[in-house]
Amino acid sequence: MNAQDRITRDESRQRLERAVRVVLPVLALGAGVLAWDLLVRLRNIPPYILPSPGLVFETLLNDWPVLWSSLLVTLTTAFEGLALAMMGGIGLAVLFNRSRLVEYSLYPYAVILQVTPVVAIAPLLLIYLPQPLAVLACAWIVAFFPVLANTTLGLNSVDRNLVDLFRLYGASGWQVLWDLKLPAALPHILGGLRIAGGLSLIGAVVAEIAAGAAGAGSGLAYRIAESGYRLNIPRMFAALLLLSVTGVAIFAVLSLVTHLALRRWHESAVGDEREA
Amino acid sequence: MSSTAAQSASLSSATGAIVSLRDVGKTFASGVGALSGLNLEIHDGEFVTLLGASGCGKSTALRIVAGLIEPTEGDVVRPAGRNGGIGFVFQDPTLMPWASVARNVSLPLKLAGRRDAQADPGVTSALARVGLSEFAGSYPRELSGGMKMRVSIARALATEPKLLLMDEPFAALDEITRFRLNNDMLALWHDVRRTIVFVTHSVFESVYLSSRIIVMTARPGRVFTEIKIDAPYPRGNFRTSAEYAASCRTVSEALERAMTVS
Ligand SMILES: Nc1ncnc2c1ncn2[C@@H]1O[C@H](COP(=O)(O)OP(=O)(O)OP(=O)(O)O)[C@@H](O)[C@H]1O
Ligand SMILES: [Mg+2]
């Protein structure tokens, strides 16, 4: 009886907590939009300085065909960049793991690519490469390093006893990699991908902005730059809104993938499991 | 290279040992001397127990026997061509957290290239032996500490190895499960005449199981003394006999003296 009571109380508290976790962010966002709207109305701010939320939304609907095609271009670039970063990052980390010589020779290049601001590299790449390729290269450059670094960390943090066990049973190098190191590194790899997803979008945007002056682009960032030149501030905001929604969506998708891949065994995903 | 192999083969066939450690010392890179002057011969079909204080180098000795680490001094001699396989139960369960119990247990078979290893009868019977048939589909984090250890034991049994090395496999188990697994262990050893090297802290367990007990000194470990337990197998009523009590006393006293010498 007592225990039953406690269970129901626990359950209702959990439900409340879950509700709060959804309601609170929505309320906070709503309050922000409301404050924005009030500010524009009360101060009579003209739309070419700060458009009201309603106007931004209206522009989003009116300009949807243009914005949508631009979104597709940016999104494609971001995903291609992420895919290439994944292949390159994981592949290179595996190579590093197999050979110290390769690691010592190539690691400096990876670090140089990472620490040099992509804004500074983009104009150069735009000179050497056709624009779509240069944009893709930028997305790849910024997304690549987190995957490499995290995968390297994951591959090196395998349980030593498990490595011994595999050796004892005569596992080949390939078996150790495929059946032990990669699964053990999976949580780290997925963590790297989640960071890389957002960065890949940033890289694509930076390159498009840098290319903006050339005027040949069609991605979302190009729309923002173009709207800026034409002082079409509402459209600028609409494109910006779309861009952040895209970033959030990429993060959410990658988080979901992580959860699905790890929920049976990894501590990071176990907590959610227990609540669900 | 070939001459040492031939030499080791003749040496071991002369003594009948399947592994011999000669004057083995192990100093870790950290400067800790774990073993020094350890002489040990494991004969075919024996049930040998290493008994000693915590930190005296038992796990290290077992790893050297398995060939997982190399000694810094002395020689390890193994007869050439001996290949019945080794099973190793680590002091920690050492399971793959991303794999189900059945996949963990079937790992040695899979690494040996067996197709469809999870469905292998060896896996099913090993799981049944440790009483975990119902948990074949569970993941390690869903198991208790003792259950994980039993999975680890099942994995070592799956290949039916000739030489089984076990590092305190039953330390985390309750008395009853422990007794049952002790008996299972003995039955298994008796049936197939495999060789078992066992590490334990428990004097009672060592006397009940072993044909020979090796008492080790404190770190750096070496052999303090060897005690043969001559009671015949199977040892159904051995635990309640006067002989058992006497052996336990002898071993306890030896262990106590071993801990005070340096
Ligand atoms: N990888 C290592 N690096 C450095 N020192 C080590 C390593 N492994 C073991 N040692 C040291 O060697 C000594 C013996 O360790 P070992 O694990 O063999 O002891 P043990 O007899 O198995 O102890 P226990 O009964 O507590 O398991 C210890 O002092 C330990 O600190
Ligand atoms: Mg130990």
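Residues numbered from 1 in each chain as written. Chains lettered and ligands numbered in written order. Predicted model: local features only at pLDDT ≥ 70, side-chain atom pairs only at ≥ 80, totals over all residues. Heavy atoms only, no water.

A.B. asks: I'd love a proper account of helix H6 (residues 131-156) of chain A, names of residues and values included.
C.D. replies: For H6 of chain A, spanning 26 residues, the distance from its first C-alpha to its last is 38 Å, which sits close to the expected 38 Å at 1.5 Å a residue. Residue alanine 143 of chain A marks the point of greatest curvature in H6 of chain A, where the axis turns by about 30°; the proline proline 146 of chain A follows within four residues. (Helix = DSSP H or I, 4+ residues; strand = E, 2+ residues; numbered from the N terminus. Expected span 1.5 Å × (residues − 1). Bend = angle between axes of the 7 residues up to and from the residue.)

A.B. asks: Tell me about the interface of chain A and chain B, and please be specific about residues and values.
C.D. replies: Many descriptions give the size of an interface as the accessible area lost when the pieces come together. Contacts between the two partners involve 21 residues from chain A, matched on the other side by 24 residues from chain B. Taken together, the two surfaces of chain A and chain B that pack against each other cover about 2,100 Å², and 62% of this comes from carbon and sulfur. The residue aspartate 164 of chain A makes a salt bridge to arginine 63 of chain B at a minimum N-O spacing of 2.8 Å. Remark: the boundary between chain A and chain B carries five residue pairs in polar contact (both at pLDDT 80 or more). Of all the elements in the fold, those that place two or more residues in the side of chain A that touches chain B are helix H7 (160-168), helix H8 (173-211) and helix H11 (267-275) of chain A. For the side of chain A that touches chain B, the element with the highest residue contribution is H7 of chain A, accounting for seven residues. (Contact = heavy atoms within 4.5 Å. Buried area = accessible area lost by both parts, 1.4 Å probe. Salt bridge = Lys/Arg side-chain N within 4 Å of Asp/Glu carboxyl O. Polar contact = N/O pair within 3.5 Å; in protein donor to acceptor, adjacent residues only side chain to side chain.)

A.B. asks: Explain the site of ligand 1 to me, using residue names and the numbers behind them.
C.D. replies: All names here are of chain B. Surrounding ligand 1, one finds 15 residues, the nearest of these being Ser54, Gly55, Lys58, Ser59 and Thr60. A distance of 2.6 Å separates an oxygen atom of ligand 1 from a polar atom in the side chain of serine 54. A distance of 3.2 Å is found between an oxygen atom of ligand 1 and a side-chain nitrogen or oxygen belonging to glutamate 168. The residue inventory of the shell around ligand 1, partitioned by class, reads four nonpolar, eight polar and three charged. (Near = heavy atom within 4 Å. Nonpolar A, V, L, I, M, F, W, Y, C, P; charged D, E, K, R; others polar.)

A.B. asks: Account for the domain arrangement of chain A, naming residues and giving values.
C.D. replies: All names here are of chain A. According to the domain assignment, chain A consists of domain 1 (1-45) and domain 2 (52-262). Placing the centre of domain 1 and that of domain 2 at their C-alpha centroids yields a distance of 32 Å. The partner domain 2 presents four residues to the four residues of domain 1 that form the contact. Summing both partners gives a buried area of about 330 Å² for domain 1 against domain 2, and 85% of it is carried by carbon and sulfur. (Domains from an automatic or database assignment.)

A.B. asks: Talk me through the coordination of the magnesium ion (ligand 2); I want residue IDs and the actual numbers.
C.D. replies: All names here are of chain B. On the protein side, the magnesium ion (ligand 2) has Ser59 (OG) and Gln91 (OE1) as donor atoms, found 1.9 to 2.2 Å from it. You can see serine 59 sitting in helix H2 (residues 58-66) and its partner glutamine 91 sitting in the loop between strand E5 (86-89) and helix H3 (101-105), a full 32 residues away along the chain. Since its relative accessible area comes to 39%, glutamine 91 is described here as partly exposed. (Donors = N, O, S within 2.8 Å, 3.2 Å for Na, K, Ca; no water. Buried < 20%, exposed > 50% of the residue type's maximum accessible area, 1.4 Å probe, protein only.)

A.B. asks: Tell me about the packing of aromatic side chains, residues and numbers included.
C.D. replies: The tally for this structure, following the rule as stated, stands at 13 aromatic pairs over all chains. Ring geometry for tyrosine 107 of chain A versus phenylalanine 145 of chain A: centroids 6.5 Å apart, planes at 55°, classification tilted. With tyrosine 107 of chain A in helix H4 (residues 100-115) and phenylalanine 145 of chain A in helix H6, the pair connects residues that are 38 residues apart, well separated along the chain. Ring plane angle 50° and centroid distance 5.8 Å describe the contact between phenylalanine 47 of chain B and phenylalanine 198 of chain B, whose orientation is recorded as tilted. Of this pair, phenylalanine 47 of chain B sits in strand E3 (residues 47-51) while phenylalanine 198 of chain B sits in strand E7 (residues 195-200); the two residues are 151 residues apart in sequence, bridging distant segments of the chain. Relative accessible area serves as the criterion here: at 0%, phenylalanine 198 of chain B is assigned to the buried category. In textbook terms, an aromatic cluster arises when at least three aromatic residues are bridged by ring pairs, as seen for Phe47, Phe170, Trp189, Phe198 and Tyr233 of chain B. For arginine 235 of chain B, the ring lying beneath its charged end belongs to tyrosine 233 of chain B, and the centroid distance is 4.0 Å. It is arginine 239 of chain B that lies over the ring of tyrosine 208 of chain B; its NZ or CZ is 3.7 Å from the centre. (Phe/Tyr/Trp six-rings, centres within 6.5 Å; stacked < 30°, edge-to-face > 60°. Lys NZ or Arg CZ within 6 Å of the ring centre and 35° of its normal.)

A.B. asks: Mind laying out the sheet that holds strand E2 (residues 33-43) of chain B, listing which residues take part and the relevant values?
C.D. replies: Residues and elements named next belong to chain B. Overall, antiparallel pairing links the three strands, which are arranged E2-E1-E4 in an open sheet. Single-partner strands in this sheet number two, and they are E2 and strand E4 (73-77). Taken over all neighbouring pairs, the strand axes of this sheet differ in orientation by 10° on average, direction set aside. Both strand E1 (residues 17-27) and E2 contribute to a ladder of seven bridges, which runs antiparallel. Paired with threonine 27 across the bridge in E2 is glycine 33. Seen against the sheet, H2 touches E1, E2 and E4 and runs at an angle of roughly 130° to E1. (Pairing = 2+ DSSP bridges. Axes fitted to C-alpha atoms, helices over the stretch in contact; angles between N-to-C directions.)

A.B. asks: Lay out a nonpolar patch on the surface in plain terms, naming residues and giving numbers.
C.D. replies: Residue and element names in this part refer to chain A. On the surface, Leu16, Val20, Val22, Val23, Leu24, Val26 and Leu27 cluster together into a nonpolar patch covering about 660 Å² of accessible area. Residue position: valine 20 is located in helix H1 (residues 2-43). For valine 20, a relative accessible area of 40% translates into the label partly exposed. (Patch = residues over 30% accessible without salt bridge, like charges linked within 9 Å, V, L, I, M, F, W, Y side chains within 5 Å. Areas by Shrake-Rupley, 256 points an atom, 1.4 Å probe, with all protein chains shown as cover.)

A.B. asks: Lay out the pattern of salt bridges in plain terms, naming residues and giving numbers.
C.D. replies: Two side chains bearing opposite charge may form a pair once their charged atoms approach each other closely. Taken as a whole and assessed by the stated rule, the structure comprises 14 salt bridges over all chains. Among the ionic pairs, lysine 110 of chain B bridges to aspartate 179 of chain A, the shortest N-O distance being 3.0 Å. Note that lysine 110 of chain B is positioned in helix H4 (residues 107-111) and aspartate 179 of chain A in helix H8, a pairing that runs across two chains. Of the charged contacts in the structure, one is a salt bridge between arginine 178 of chain B and glutamate 205 of chain B, with a shortest N-O distance of 3.2 Å. With arginine 178 of chain B in helix H7 (residues 175-192) and glutamate 205 of chain B in helix H8 (residues 203-209), the pair connects residues that are 27 residues apart, well separated along the chain. No difference in accessibility class separates arginine 178 of chain B from glutamate 205 of chain B, as the two residues are buried. One continuous salt-bridge network, built from bridges that share partners, spans Asp63, Arg223, Glu226, Arg230 and Arg235 of chain A.

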